Amino acid sequence: MSILSNNDLYKVKTTTLVADYDRNTIVNLYQPIVGAVATAVYFFLLAEIENQKITGSTSHEQLLLHMQLSTSEFLKARKTLEAVGLIKTYLQGSGDEVKLYEYQLFAPKTPKKFFDDILLFGTLIHFIGEGNA
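Calculation notes
Residues numbered from 1 in each chain as written. Predicted model: local features only at pLDDT ≥ 70, side-chain atom pairs only at ≥ 80, totals over all residues. Heavy atoms only, no water. Buried < 20%, exposed > 50% of the residue type's maximum accessible area, 1.4 Å probe, protein only. Helix = DSSP H or I, 4+ residues; strand = E, 2+ residues; numbered from the N terminus. Arc of directions from axis to C-beta. Contact = heavy atoms within 4.5 Å. Expected span 1.5 Å × (residues − 1). Pairing = 2+ DSSP bridges. Axes fitted to C-alpha atoms, helices over the stretch in contact; angles between N-to-C directions. Parallel < 35°, antiparallel > 145°, perpendicular 65-115°, else oblique. Left-handed = near helix turned anticlockwise from the far one by under 90°. Nonpolar A, V, L, I, M, F, W, Y, C, P; charged D, E, K, R; others polar.

K.L.:
Mind showing me how you'd approach helix α3 (residues 60-67) here?
P.N.:
The α-helix winds at 3.6 residues per turn, so residues separated by three or four positions along the chain end up facing the same way. All of the buried residues along α3 are H60, L63, L64 and M67. Projected down its long axis, α3 shows its buried positions confined to an angular sector of 95°, all on one face. Facing away from the buried side of α3 by over 90 degrees, the exposed positions are L65 and H66. Among the structural elements, β1 (9-14), α2 (36-55), β2 (58-59), α4 (71-83) and β4 (100-105) are those in contact with the buried residues of α3.

The following block contains the structure:
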């Protein structure tokens, strides 16, 4: 098991097009499930794609300072985003060397596909109640 170090680097890629209307889907359908911190991490990483065109890879220390998160808070948010299919994490390197994490971001499911997904829809109902869906 690899422990995230502040010195470890990361880069962000999108594997699918994330359009402006996807932001509403994330806020309205995914955020009640993943929470505000995970939603903020997703949007931060999405914004990092443009920044990294200029700066290249960035350290996790900079990310954690910018977002005012602890390592454990970030890892919890990342795992939550992975659980709902919005992000995949790949790791290069091991041991004591500086590692490079690649975060691949995915667009959310369309609202129709979200509501057709029993697991996602059921989890949403669990958090917001049946009358609010």
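K.L.:
Could you clarify how one ought to interpret α4 in this entry?
P.N.:
The end-to-end C-alpha distance of α4 is 18 Å, a good match for the 18 Å that 13 residues give at a rise of 1.5 Å each. Residues F74, A77, R78 and L81 constitute the buried set of α4. For α4, the angular spread of buried residues about the axis comes to 100°, placing them on one side. For α4, exposure combined with an orientation more than 90 degrees from the buried face picks out S72, K76, K79 and A83. In this structure, the buried residues of α4 make contact with α2, α3, β3 (87-92) and β4. Just downstream of α4, G85 is the residue with a positive phi angle, here 80°.

K.L.:
Can you help me understand the sheet that holds β3 in this one?
P.N.:
Spatially, four strands are ordered β2-β1-β4-β3 in an open sheet, and the strand pairing comes out mixed. The open sheet has two free edges, formed respectively by β2 and β3, since each of these has just one partner strand. Note that β3 and β4 share six bridges and pair antiparallel. Across the sheet, residue T89 finds its bridge partner in β4, namely Y103.

K.L.:
Before we go on, may I ask you to explain the pairing of β4 in this structure?
P.N.:
Note on strand geometry: in a regular strand, side chains alternate between the two faces of the sheet. Among the six residues in β4, six count as buried, and that is most of the element. Burial along β4 is two-sided: the residues L100, E102 and Q104 and Y101, Y103 and L105 are all buried.

K.L.:
Explain unusual backbone geometry here, please?
P.N.:
Trans is the prevailing form of peptide bonds, just as negative phi is the prevailing case for residues other than glycine. The backbone of Q68 shows a phi angle near 55°, a positive value even though the residue is not glycine. Along the chain, Q68 turns up in the loop between α3 and α4.

K.L.:
Sorry if this is basic, but what is going on with the packing of α2 against α3 here?
P.N.:
The axes of two packed helices give the description: the angle between them and the distance between them. It is the contact of α2 with α3, at a shortest axis distance of 12 Å, that shows an interaxial angle of 125°. Classified by the angle their axes make, α2 and α3 are oblique. The way α2 lies across α3 gives a crossing that is right-handed. Contacts between α2 and α3 involve A40, V41, F44 and L45 on the former and, on the latter, L63, H66 and M67. The residue inventory of the contact of α2 with α3, partitioned by class, reads six nonpolar, one polar and no charged.

Purely spatial values, then, with no claim about function.
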